[in-house]
Structures are given as C-alpha cells and as structure tokens.
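Breakdown of the fold
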Amino acid sequence: MVLDMKKVYTCFCTDVIHEGHLNILREANKYGEVTVGILSDAAMIKFNRFPTVTIDERKKIVENTGLASKVIIQNEIMYDQVIAELKPDYVIHGDNWCKGPESAIRQNVIDNLVTYGGQLIEVGYTYNENVKKIDDNIREKLAMPEYRRKRLRQLLKLCPIVKTIEVHSGLTGLIAEKTIVEHNGELDQFDAMWLSSLCDSTAKGKPDIELVDMSSRMRTIDDVMEVTTKPIILDGDTGGLIEHFVYNVRTLERMGVSAVIIEDKTGLKKNSLFGTEVAQTQDSIENFSEKIRAGKNAQRTEEFMIIARIESLILEKGQEDALKRAFAYVDAGADAIMIHSRKKSPDEIFVFCDRFRKENSDTPIVVVPTSFNSVTEAELAQHGVNIVIYANQLTRSAFPAMQSTAVEILKNHRALEVDSKLMPFKEIITLIDDM
Ligand code: SPV
Ligand code: MG
C-alpha cells in the first residue's frame, strides 16, 4: 500500500455483481484503496430482499472482481461502527439511496463523515434493461417454492423475532411485501405473511368456521404468491380429518408454503377470540398428536413446518393443560408451538413461555397478540417467543375506512367530500408493477 493512499469504503448487499456495481468499484478505485463491506444477512433483511446466496458467496463475488483491496462484513445497516473503525476518506455509493427509507442510511453516513472531514461520493445509479432483468430474476427466484419454503427456518435463525403480518389477497400481499419503514433511525419491514382463516373468510363475507374450504384458501395463497417473495404461514384451522390433512400438507409444500399452524380443536371450529362465549371442543392429546405425526410423515421436504396451536388458555383449561399439550405435541413431531390467549394482559402468555422454555430451549414459540396488544416484540422475545403474528390488523383497518367512504358518498350524493381521504387515482393505477 502506498502510504499516503486515501481510504475508500463502499457497502454492498447484492447477490450478483452487474455493470452498476462494477461502475461503482471502478470509480472508487480512482480515489484510493477500496474496502468493500458486505452487509450481513440479518441487517440486509430489514430493508432489502432476502439474499439468494450465502454471505460467503456474496463476499467471494466481490473479491473475484479484483477491484477491492479488502472485503469485510458490515453487521449493522447504519455505518457508525464501520466508519469509526475504518475512518475512510471517502464513502462511495450509488445515488439511488437519496429517496425513500434508504435516505436514512445516507444521512447516517453524512453525519458520521462530517465529524472528521470524510467525504461522500455518489455515483449515478445504473438502471438499464440488463440490470432490471437481473433484479427481476432474483425476485422471481425468491418467489419459487424451493427458495420461499425454507425461508421461515432461515429467518428463525436470523431474527430475534420473526414479524408476521396478515394477508388475504394480492393487494394485502403487496403491502406485506413492500412496506419498509424508517423510524428513529432504524429501517424495518415484515419478515413473513400469515394467511389468516378469519381474514380470508371475512374478505369473502363468510364466518370463520372452516366454511371457506381448502381449495379456496389455496386460491388465496396463490394470489398472494403471485406478487410476493416472503414466506407464508398458513392458518390451517383444525387441519380437518387426518386423512385429508396429509394430502394438504403435500400440496402446501409443493406450493412453497413454509408452515401450517393447526389448532387442537375438533368439530365445528369457531374463532378463538370468542373464547368460551361459544361452544368449542378441544381435541384429545392423543388424536391431535396423531394428526401431527401423520402430517410429519406425509411431508417430503426437511423445510416445511407443522406448528401445533394450543387452545387451552382460550378455553380456560389452565396452564398445566397447556404445558402438558405443548410437550406432547413436540414429542409428536411439531416443529413449533403456538400458544393463544384472549386476555388483555400478556401475563398468562409470559407464564406459559417461561415454563415451556425451562424445559425446552429450542422449539420455536409463536404468539398472536390481538387482545394483549400492548406487549412489544422485545418483551415477547425476552420470554422466548420466536414468531409474532399480527393476525387481522390489515382487515380491521380497511373495513372502517371503506365503510366510512360508502357512508360519505351516500350522504353527499357525490364523491368530492371523501376524495381527500383517498389514495390519488394516479397512485392506484401505478401501484401494481408491470411485468
Ligand atoms: C386467525 O387469524 O384466523 C386466527 C387467529 O386463527 S385468531 O383470530 O386470534 O383466532
Ligand atoms: Mg384462524
């Protein structure tokens, strides 16, 4: 190294090196000795897409360009640590981060550089037909069953808690897929999607009693899959008859669904949020364990997950019953357990999780904080919860908004009065990407 050579830093989170990246690297080399940071998987998934190759491969493709003196891993989205350690004279980046949530990263870099006189260099972002095609190919790959199916297990290793949002259509799928938020200097997005029986039924104007049959549910899954890449957890209700469940497991696997959650109820299932206000029957431990075993025997990949949902707290059968069932279902092969509650406070969920975790440190725990909604993801993670599902909030926000629009139009005999509350029609016609 020439002693007075300037230090240049740039960070990549790409799976493929294309002409745009080469352009940045060549430009960077004009300013001095180039260190390239590869953004860790855990950081990348907070605002970007899921990587299709391992971090070692991502590192290697940059090393193979011969345009980096050093390739390191950058563990955080924000540059504070890496800039403090490297003190680069220049940070170089494509100018595509000037708009949208990524502009928070840009601001963070500027704030760090200004403390010692470092400089930011922005290179025109290359976005031609070729680059678009590469981007589209990666997206399409991520949507393929063999990539999507295993994603939930990958996320369980990467995330402190897998944040999952309800979807029931292509449109809600797009919201789950594309919503990225910048808040308090952090970027975040949802990790996975929950295909709720309540919301899938509600969208069809039907009650949540397993009336919307599996063929229809699969149609919804397909609509969501068409426009998304994130993993899907299906609310499988009771799983139905064991003889039917085994067929459905194979179909879901083949489609690329990552997990099905089945609940230990039998007969005419009603939504759990009714609790004991309606008659509901819990399945026997033996029968439900048999269903889990049969499902696990039927599946053909290592990746698909069957998650056992315990209804004991909903049906006021107590902690002992819930825990006994949890351990029995894990013994029967359940890949994770979901514990549900309709109490306002998360206390009974915490008690369950703490007691379960004392004896079982690694089977993932799933919770659905609809009624105990004051609980934070961090608190849940502290009690050993691995997946949080926001199970119905998109549906519950859309319904009052649509109803109030209908009321306003009826009252005014025109649509002018509601217009300011609506998405501009220019936006709705460009909301959906062209192929
Ligand atoms: C659903 O979303 O359909 C669920 C969760 O099963 S709950 O509505 O809370 O039962
Ligand atoms: Mg349900």
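A short tour of the structure in this document, coming up. (Residues numbered from 1 in each chain as written. Chains lettered and ligands numbered in written order. Predicted model: local features only at pLDDT ≥ 70, side-chain atom pairs only at ≥ 80, totals over all residues. Heavy atoms only, no water.)

Re the site of ligand 1
Just so we agree on the cut-off: Near is defined per residue: the residue qualifies when any heavy atom it owns lies within 4 Å of the molecule or strand. Pairs of N or O atoms within 3.5 Å make up the polar contacts considered here, provided that, within protein, one atom can donate a hydrogen while the other can accept it, and that residues adjacent in sequence are counted only when both atoms are side-chain atoms. In short, Shrake-Rupley with a 1.4 Å probe defines the accessible areas, and a residue's cover is counted only from the protein chains shown. Of the grid points, spaced at 1 Å and generated over the protein atoms alone, those admitting a 1.4 Å probe that cannot get out make up cavities, while open sets with protein on both sides within 12 Å along at least five of seven lines make up pockets; any residue with an atom within 4 Å of a point is treated as lining. Criterion for pocket placement: a molecule counts as inside a cavity or pocket if more than half of its atoms are within 2 Å of its grid points. Ten residues, namely Ala, Val, Leu, Ile, Met, Phe, Trp, Tyr, Cys and Pro, are considered nonpolar, four, namely Asp, Glu, Lys and Arg, are considered charged, and the remaining ones, Gly among them, are considered polar.
Taken together, Trp194, Ser196, Ser197, Leu198, Asp208, Asp235, Asn271, Ser272, Leu273, Arg309, His340 and Ala391 form the complete shell of residues around ligand 1. Taking Ser196, its side chain carries an N or O atom lying 2.8 Å from an oxygen atom of ligand 1. Within the side chain of Ser197, a nitrogen or oxygen atom sits 3.0 Å from an oxygen atom of ligand 1. In the complex, the protein chains occlude 99% of the 280 Å² of accessible area that ligand 1 would expose alone. More than half of the atoms of ligand 1 fall within 2 Å of the grid points belonging to the largest cavity. Considered class by class, the residues forming the shell around ligand 1 number four nonpolar, five polar and three charged.

Concerning the coordination of the magnesium ion (ligand 2)
As a reminder, the rule being used: Sites may look incomplete, because water is not among the atoms used; the donor set itself consists of N, O and S atoms within 2.8 Å of the metal (3.2 Å for Na, K and Ca). Comment: elements are numbered from the N terminus, with helices defined as DSSP H or I runs of at least four residues and strands as E runs of at least two. To sort residues, take the accessible area from a 1.4 Å probe on protein chains only and compare it with the maximum for the residue type: under 20% means buried, over 50% means exposed, and anything in between is partly exposed.
Donor atoms from the polypeptide that coordinate the magnesium ion (ligand 2) comprise Ser197 (OG) and Asp235 (OD), at 2.0 to 2.2 Å from the metal. Of this pair, Ser197 sits in helix 10 (residues 197-203) while Asp235 sits in strand 10 (residues 232-235); the two residues are 38 residues apart in sequence, bridging distant segments of the chain. Both residues of the pair, Ser197 and Asp235, count as buried.

Quick look at unusual backbone geometry
Backbone geometry places Lys87, a non-glycine residue, at a positive phi of 45°. Tracing the backbone through its elements, the reader meets Lys87 in the loop between helix 4 (80-86) and strand 4 (90-94). Relative accessible area serves as the criterion here: at 40%, Lys87 is assigned to the partly exposed category. Positive phi, normally seen in glycine, also occurs at Asp237, with a value near 50°. Checked against the element boundaries, Asp237 lands in the loop between strand 10 and helix 12 (242-255).

Here we look at helix 12
We count it as follows: How far a helix is expected to stretch is found by multiplying one less than its residue total by 1.5 Å. The directions considered for the arc are those from the helix axis to the C-beta atoms. Whether two residues are in contact is decided by their heavy atoms, any of which lying within 4.5 Å being enough.
Along its 14 residues, helix 12 runs 20 Å from first to last C-alpha, staying within 8% of the 20 Å computed at 1.5 Å per residue. Taken together, the buried positions of helix 12 are Phe245, Asn248, Val249, Leu252 and Glu253. Here the buried residues of helix 12 occupy an arc of 135° about the axis, which is enough to place them on one side. Exposed and oriented more than 90 degrees from the buried face of helix 12 are Glu243, Tyr247 and Arg254. As for helix 12, its buried residues are in contact with helix 11 (214-226), strand 10, strand 11 (259-263), helix 13 (285-298) and strand 14 (305-310). Looking one or two residues beyond helix 12, the residue adopting positive phi is Gly256, at roughly 100°.

Some thoughts on the pairing of strand 9 (residues 192-195)
In plain terms, the rule: Paired strands, in this sense, are two strands between which DSSP finds at least two bridges.
Side chains of strand 9 alternate between two faces, with Ala192 and Trp194 and Met193 and Leu195 buried alike. As paired strands, strand 9 and strand 10 are joined by three bridges and run parallel to one another. From the neighbouring strand, Met193 faces strand 10, where its bridge partner is Ile232.

Remarks on the sheet that holds strand 10
How we decide: Working convention: axes come from line fits to C-alpha atoms, limited for helices to the stretch in contact. Angles between N-to-C directions cover 0 to 180 degrees.
Spatially, 6-9-10-11-14-15-16-17 is the arrangement adopted by the eight strands of the closed barrel, whose pairing is parallel. Across the sheet, the mean angle separating the axes of adjacent strands is 25° when strand polarity is ignored. In this structure, strand 14 lies alongside strand 15 (residues 336-339), joined through four bridges in parallel fashion. Opposite Ile307, over in strand 15, you have Ala336 as the bridge partner. Helix 12 rests against strand 10, strand 11 and strand 14 of the sheet, and its axis sits at about 155° to strand 11.

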